Amino acid sequence: MLFRSGADQPSFRIQNKWAISQSFSLSRGDHSFKFGGSWDKNGFNNNGPAAGAFGQFQWGSALNFLTDANLENLTAEVPGADTARTVRQQVYGFYFQDDWRLRSNFSLNLGLRYEPWTSPGEKWGRVSTYRDYLHQTEFSNPKTDGTDTYFDSPGETTFSPRIGLAWDVNGDGKTAIRAGGGIFHLMLLTPYLNTVTRKNPPDAGTLIVNSPGVNLAGAGQYVNSRTAETLSTKLNPNTFSEAIQFDLKPMYEIKYNFTIERQLLSDLSLAVGYIGNRGTHLTLKSDGNAYPSETAGGRTFVGPRLRTAPRPNPNNGVITYSTSDAKSFYDAMTVELKKRISHGF
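Sequence order sets the numbering: in each chain, residues are counted from 1 along the sequence as written. The predicted origin of the model limits local features to residues at a pLDDT of at least 70 and limits the giving and counting of side-chain atom pairs to 80 or more, whereas totals for whole chains, interfaces and linings rest on all residues. Based on all heavy atoms of the structure, the side-chain values leave hydrogens and waters out of the count.

A. Molecular detail of the overall build of the chain. Only DSSP runs of H or I covering at least 4 residues are called helices, and only runs of E covering at least 2 are called strands; the numbering of each starts at the N terminus. Helices and strands together make up the secondary structure of the chain, namely three helices and 17 strands. For the chain, the C-alpha radius of gyration of 28 Å lies well beyond 20 Å, the compact-globule estimate for 345 residues. Once the C-alpha set of the chain is aligned to its principal axes, its extents read approximately 85 × 45 × 45 Å. Relative to its 345 residues, the chain shows a buried fraction of 38%. All radius of gyration figures rest on C-alpha atoms, and the globule criterion is 2.2 Å times the number of residues raised to 0.38. Here's how the labels work: a residue is buried when its accessible area is under 20% of the maximum for its type, exposed when over 50%, partly exposed in between, all with a 1.4 Å probe on protein chains only.

Shown next as structure tokens:
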């Protein structure tokens, strides 16, 4: 039986964004140039109780609950934990595009965008994460090893080329081919960092214990006795944390499309096309320190079912860990029959 108290205290999540941008255009002969730049400063201010802040208590049965028997699981945010964060990040953008009319029936679009983004930090230094979660024995933060960002941004490598074309095949406006493609980089900005910035010691701390050996009446005193350990930067098998892969790979999508359109009648046309998308190094969230799979009785068990083998980092507990290891694939065919309104239809 599970009893969970609600985190119903006021919670404030305020995003401040300052932006400056400037665009220019220039026409020279068959070329139409567009170029410009932008600067964004993002601030995410989060102040409110974390998940499980007021306790979660689990008993093995309803009878154990009614008789206030010892708890099967205890989860609670310890006294003194601070989940308020003021995260800061900046994004720069530069682009250049050339719309080039090579012939009266053929146009080519060439473009390049460069959009570096900074590693997210915290205004007051409340950063705690991992640089090497498989081997660390304590959290990385400004005091332990000088780490002052939640991860190292790959934003300096975000060059994004684009290309497109439009071709009136016979020059009579009846058959058209259009195609395009480009690389589109993804960013992890401040709203994505809502929970990952507010869980780890020494500024925050959540105690999760199976079979703590106390009942509900003694839970408060038990949590107090474990507070110093929970808020320590030193890792232990009961440490509960969340982090993003520190050396993130550049996350991007390759998007492309191809369409053929043919005029069938003066007011009717048919277009058939293809749209494709490939995502690379996308974020994937899992338990980065999960128990390895084991075989027993000819069956393979994944997760903590047997627990005879240690976690990859035996000095640590559960890590909600985001890595840049995922991929995505999308392929679609499009068919469009278009009729212009004439004679009321």
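B. Layout of the layout of surface pockets. A pocket, in this scheme, is an open set of points on a 1 Å grid over the protein atoms alone with protein on both sides within 12 Å along at least 5 of 7 lines, while a cavity is a set where a 1.4 Å probe fits but cannot get out; residues line either one if an atom lies within 4 Å of a point. Grid points are joined across faces, edges and corners, and a volume is the space filled by probe spheres set on the points. The space that makes up the largest pocket amounts to roughly 290 Å³. The wall of the largest pocket is formed by 12 residues, among which Ile 208, Asn 210, Pro 237, Arg 311 and Val 318 lie closest to the centre. Each residue belonging to the lining of the largest pocket can be placed in one class, and the counts come to six nonpolar, four polar and two charged. When residues are sorted by character, Ala, Val, Leu, Ile, Met, Phe, Trp, Tyr, Cys and Pro go into the nonpolar class, Asp, Glu, Lys and Arg into the charged class, and all the rest, Gly among them, into the polar class.

C. Expanded view of the packing of aromatic side chains. Aromatic rings from Phe, Tyr and Trp, taking only the six-membered ring of Trp, are treated as a pair when their centres fall within 6.5 Å; an angle between ring planes under 30 degrees marks them as stacked, one over 60 as edge-to-face, and anything in between as tilted. Counted under the stated rule, the structure contains nine aromatic pairs. Centroid distance Tyr 114 to Phe 159: 4.2 Å. Interplanar angle 10°. Geometry classified as stacked. With Tyr 114 in strand E7 (residues 106-114) and Phe 159 in strand E9 (residues 159-168), this pair connects stretches of sequence that are 45 residues apart. Each ring, one from Tyr 133 and one from Tyr 321, has its centre 4.2 Å from the other, and the planes form 40°; the classification is tilted. You can see Tyr 133 sitting in the loop between strand E8 (121-122) and E9 and its partner Tyr 321 sitting in strand E17 (residues 319-339), a full 188 residues away along the chain. Grouping residues by exposure puts Tyr 133 and Tyr 321 together as buried.

D. Representation of the pattern of salt bridges. We define a salt bridge as a side-chain nitrogen of Lys or Arg found within 4 Å of a carboxyl oxygen belonging to Asp or Glu. Applying the stated criterion across every chain, the model contains 14 salt bridges. A salt bridge links Asp 82 to Arg 126, with the shortest nitrogen-to-oxygen separation between them at 3.1 Å. Highlighted residues: Asp 82 in the loop between strand E5 (73-77) and strand E6 (85-103) and Arg 126 in the loop between E8 and E9, separated in sequence by 44 residues. With a relative accessible area of 29%, Asp 82 lands in the partly exposed category. For Arg 126, a relative accessible area of 15% translates into the label buried. Notably, a salt bridge pairs Glu 253 with Lys 255, separated by 3.7 Å at the nearest N-O pair.

E. Molecular detail of the nonpolar core. The biggest cluster of nonpolar side chains holds 14 residues, and the ones touching the most others in it are Trp 117, Phe 151, Leu 188, Leu 193, Ile 244 and Leu 248. It only takes one pair of heavy atoms within 4.5 Å for two residues to be counted as in contact. Not counting the four nearest positions on each side in its chain, Ile 244 is found in contact with Thr 129, Tyr 150, Phe 151, Leu 188, Tyr 192, Leu 193, Val 196, Tyr 321 and Ser 322. Each nonpolar core is a collection of buried residues, namely Ala, Val, Leu, Ile, Met, Phe, Trp, Tyr and Cys, held together in the definition by side-chain atoms within 4.5 Å. Listed in part, the 13 residues of the second largest apolar core include Trp 59, Val 78, Tyr 222 and Leu 231.

F. Highlighting the environment of Ile 254. Note that Ile 254 resides in strand E13 (residues 252-265). Here the alpha-carbon distance between Ile 254 and Asn 16, two residues 238 residues apart in the chain, equals 31 Å. Not counting the four nearest positions on each side in its chain, Ile 254 is found in contact with Gly 182, Ile 183, Gly 276, Asn 277 and Arg 278.

G. Local environment of empty space enclosed by the protein. According to the stated counting rule, one finds three cavities of 30 Å³ or more in the structure shown. Counted as a void, the largest cavity has a volume near 90 Å³. Only strand E11 (206-210) and helix H3 (227-230) provide two or more residues apiece to the lining of the largest cavity. In terms of lining, the second largest cavity is formed by Arg 85, Arg 126, Val 127, Ser 128, Tyr 150, Val 196, Thr 197, Arg 198, Lys 199, Asn 200 and Asp 203. When the residues that make up the lining of the second largest cavity are grouped by side-chain class, the tally is three nonpolar, three polar and five charged.

Bear in mind that shape data such as this cannot, by itself, settle questions of function.
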